[in-house]
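Each chain, letter by letter, is given below.
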Amino acid sequence: MPATITAIAHYAPPDILDNDYFSKYLDTTNEWIMSRTGISERRILKNGATSDLIVPAAKEAMEYRGLGINDIDCIIVATVTPDYMFPNTASMVQHKLGLTKAWGFDISAACSGFLFSLVTACKLVESGAVKRLLLCGADKMSSITDYKDRSQAILFGDAAGVCIIENTDDPNYGLQDFILKIDGSGEPFLHQVAGGSFKPASHETVDAGEHYLYQDGQPVFKAAVKGMADVSAEIMERNNLAPDDVSWLVPHQANLRIISATADRMGIGMDKVMVNIEKYGNTTSATIPMCLSEWHKKGALKKDQNIILSSFGAGYTWGSIWLKWGI
Ligand code: UT7
């Protein structure tokens with residue numbers, strides 16, 4: 001009995017930073033940003049924390065499914081921008097929503113956070129240990145972005161995507177297969193140096209900007225193109241899925257060029273790829289559930305469709321999931 005997504009919603013805060021805004025005070029242009037990344041706008045949460053991005057989306061998902069505060073057994077939050085180092089953000093969400101019967105925890109897997117959490121959530125539900133799980137992918141990337149650095153400032157945005165995971169009687173819906181990978185040799189190229197146990201925060205680390213995200217774009221780009229394309233092709237091959245069998249590719253949205261390279265390798269046209277990078281930039285753990293939610297809202301996702309989710313992020317972490325849509 002596979003677990004499946006039974007409701008999905010997202011929240012992107014209303015404040016927008018567009019490319020013209022960056023062109024005014026950084027040495028950059030709309031043309032450079034669009035041609036290198038495909039990003040035009042990103043949303044910024046001016047006040048509040050990652051849990052505040054999750055709460056409106058969680059309320060919407062619970063309402064869609066007709067669930068009350070006693071109906072959620074477990075909360076998983078995928079994030080690299082938790083409200084606090086501790087307690088976990090799942091506890092903040094539990095408290096803000098009043099989900100008195102839920103336990104929960106956070107998962108840190110950067111841009112692959114939603115995929116790692118979706119597999120964990122589905123396995124918890126399939127085992128019978130949890131009946132209804134609130135799965136949240138959310139990041140307030142503006143809290144770790146250096147807005148003086150043109151190579152990072154333009155890339156990221158804030159958002160949340162939330163879904164409900166439950167068992168289904170029909171084995172044709174839900175999680176069908178997954179490939180998840182980690183490789184810590186990627187750490188030097190994409191990380192937040194200070195604030196953890198390796199280098200606790202100090203005046204010196206703050207002066208050096210080490211509390212911000214650091215990315216060496218080119219090695220990450222090369223690893224992402226290969227990593228995402230490899231796992232996406234592998235999950236199709238080992239399940240005998242031809243390009244025509246796949247209704248949607250839902251890729252992590254870090255760079256339009258990485259997305260199209262992945263689609264090419266899978267042999268599927270861009271008309272079957274969910275792309276919203278132009279409006280939101282890279283929202284880390286929120287990206288994939290936000291795409292699913294947007295496409296669900298506009299009626300483009302249909303029951304029985306084969307969907308491939310693919311991601312690549314810091315760690316390195318990467319992976320691919322084959323889902324059969326069941327809403
Ligand atoms: O989130 C999950 C994992 N992350 C990714 O998947 C991201 C992977 N990497 C990328 O998407 C790309 O590497 C970036 C979009 C981050 C950067 O694009 P790039 O084509 O790799 O550019 P680059 O870093 O090699 O920089 C090329 C040039 C440099 O100038 P020089 O040294 O050639 O003179 C940069 O200083 O572009 C310059 N540059 C900019 N110029 C104008 C960097 N940022 C900007 C900017 N505007 N915003």
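One numbering rule holds for all chains: residues counted from 1, following each sequence as written. Predicted model: local features are reported for residues with pLDDT of at least 70 only, side-chain atom pairs are reported and counted for 80 or more only, and whole-chain, interface and lining totals are derived from all residues. Note: side-chain values were computed over all heavy atoms of the structure, leaving out hydrogens and water.

**Here we look at the site of the ligand**
Turning to step 1, where the next piece is worked out: Proximity is defined per residue: if any heavy atom of the residue lies within 4 Å of a molecule or strand, that residue is considered near it. Looking at the ligand, there are 25 residues lining it, with Thr 28, Arg 36, Gln 218, Asn 255 and Asn 282 nearest.
Turning to step 2, where the next piece is worked out: Side-chain polar atom of Arg 150 to an oxygen atom of the ligand: 2.9 Å apart, as the coordinates give it.
Turning to step 3, where the next piece is worked out: Within the side chain of Gln 215, a nitrogen or oxygen atom sits 2.9 Å from a nitrogen atom of the ligand.
Turning to step 4, where the next piece is worked out: Accessible surface is estimated by sampling points in the Shrake-Rupley manner with a 1.4 Å probe; for residues, cover comes only from the protein chains shown. Relative to its free-state accessible area of 950 Å², the ligand is covered by the protein chains to the extent of 73%.
Turning to step 5, where the next piece is worked out: Among the secondary structure elements, those contributing two or more residues to the shell around the ligand are helix H2 (30-37), helix H6 (150-153), helix H8 (217-238), helix H9 (256-266) and strand E12 (306-313).
Turning to step 6, where the next piece is worked out: Considering each element in turn, the shell around the ligand owes the most residues, 5 residues, to H8.
Turning to step 7, where the next piece is worked out: When residues are sorted by character, Ala, Val, Leu, Ile, Met, Phe, Trp, Tyr, Cys and Pro go into the nonpolar class, Asp, Glu, Lys and Arg into the charged class, and all the rest, Gly among them, into the polar class. Looking at the shell around the ligand, its residues break down into 11 nonpolar, 10 polar and 4 charged.
Turning to step 8, where the next piece is worked out: Note that domain bounds follow an automatic or database assignment of domains. Counting contributing residues per domain, the shell around the ligand is built from domain 1 (3-167) and domain 2 (174-324), each supplying no fewer than three. Polar contact is the term for a pair of N or O atoms within 3.5 Å; when the atoms are in protein, one must be able to donate a hydrogen and the other to accept it, and sequence-neighboring residues count only if both atoms are side-chain atoms. Under the DSSP-based scheme used, a helix requires at least four consecutive residues in state H or I and a strand at least two consecutive residues in state E, with every element numbered from the N terminus.

**A look at the domain arrangement of the protein**
Turning to step 1, where the next piece is worked out: What the domain assignment lists for the protein is domain 1 (3-167) and domain 2 (174-324).
Turning to step 2, where the next piece is worked out: Each of domain 1 and domain 2 has a C-alpha centre, and these two points are 14 Å apart.
Turning to step 3, where the next piece is worked out: On the side of domain 2, 47 residues touch domain 1, which itself brings 53 residues to the contact.
Turning to step 4, where the next piece is worked out: A 1.4 Å probe defines the accessible area here, and the buried area is the portion of it lost by two parts on being joined, summed over both. Buried surface at the junction of domain 1 and domain 2, summed over both partners, amounts to about 3900 Å²; 64% is from carbon and sulfur atoms.
Turning to step 5, where the next piece is worked out: For domain 1, the biggest contributors to the area lost against domain 2 are His 10, Cys 111 and Leu 115; these three give 17% of the whole. Contacts: residue pairs with any heavy atoms within 4.5 Å of one another.

**What to know about the packing of aromatic side chains**
Turning to step 1, where the next piece is worked out: Geometry of aromatic contacts follows a simple scheme: Phe, Tyr and Trp rings, the Trp one being its six-membered ring, pair when their centres are within 6.5 Å, and the pair is stacked under 30 degrees between planes, edge-to-face over 60, tilted otherwise. Counted according to the given criterion, the structure contains 8 aromatic pairs.
Turning to step 2, where the next piece is worked out: Geometrically, the ring pair formed by Tyr 21 and Phe 22 is edge-to-face, given 5.3 Å between the ring centres and 80 degrees between the ring planes.
Turning to step 3, where the next piece is worked out: For Phe 22, a relative accessible area of 0% translates into the label buried.
Turning to step 4, where the next piece is worked out: Following the ring pairs from residue to residue traces out a cluster consisting of Tyr 21, Phe 22, Tyr 25 and Tyr 147.
Turning to step 5, where the next piece is worked out: The ring centre of Trp 295 lies 3.6 Å from the NZ or CZ of Lys 298, which sits over that ring. A 1.4 Å probe rolled over the protein chains alone gives each residue an accessible area, and that area as a share of the maximum for its type sets the label: buried under 20%, exposed over 50%, partly exposed in between. Remark: a charge is flagged as sitting over a ring if the NZ atom of Lys or the CZ atom of Arg is within 6 Å of the ring centre and within 35 degrees of the ring normal.

**What about unusual backbone geometry?**
Turning to step 1, where the next piece is worked out: In this model, Phe 86 is joined to Pro 87 through a cis peptide bond whose omega is 0 degrees.
Turning to step 2, where the next piece is worked out: By the element assignment, Pro 87 lies in the loop between strand E4 (74-78) and helix H4 (89-97).
Turning to step 3, where the next piece is worked out: Tyr 316 follows Gly 315 through a cis peptide bond whose omega is 0 degrees.
Turning to step 4, where the next piece is worked out: Secondary-structure assignment places Tyr 316 in the loop between E12 and strand E13 (317-324).
Turning to step 5, where the next piece is worked out: The backbone of Ala 110 shows a phi angle near 50 degrees, a positive value even though the residue is not glycine.
Turning to step 6, where the next piece is worked out: Topologically, Ala 110 is positioned in the loop between strand E5 (103-107) and helix H5 (113-126).

**Topic: the nonpolar core**
Turning to step 1, where the next piece is worked out: The biggest cluster of nonpolar side chains holds 36 residues, and the ones touching the most others in it are Leu 249, Ile 268, Ile 308 and Phe 312.
Turning to step 2, where the next piece is worked out: Breaking this core down by element, the ones donating at least two residues are H8, H9, E12 and E13.
Turning to step 3, where the next piece is worked out: Ranked by residues supplied to this core, first place goes to H8 with 6 residues.
Turning to step 4, where the next piece is worked out: Setting aside its immediate chain neighbours within four residues, Ile 268 contacts Pro 243, Val 246, Leu 249, Ala 263 and Val 273.
Turning to step 5, where the next piece is worked out: Residues grouped as a nonpolar core are buried Ala, Val, Leu, Ile, Met, Phe, Trp, Tyr and Cys residues, joined through side-chain atoms within 4.5 Å. If you look at the next biggest cluster of nonpolar residues, it comprises 35 residues, including Cys 122, Leu 133, Ile 321 and Trp 325.

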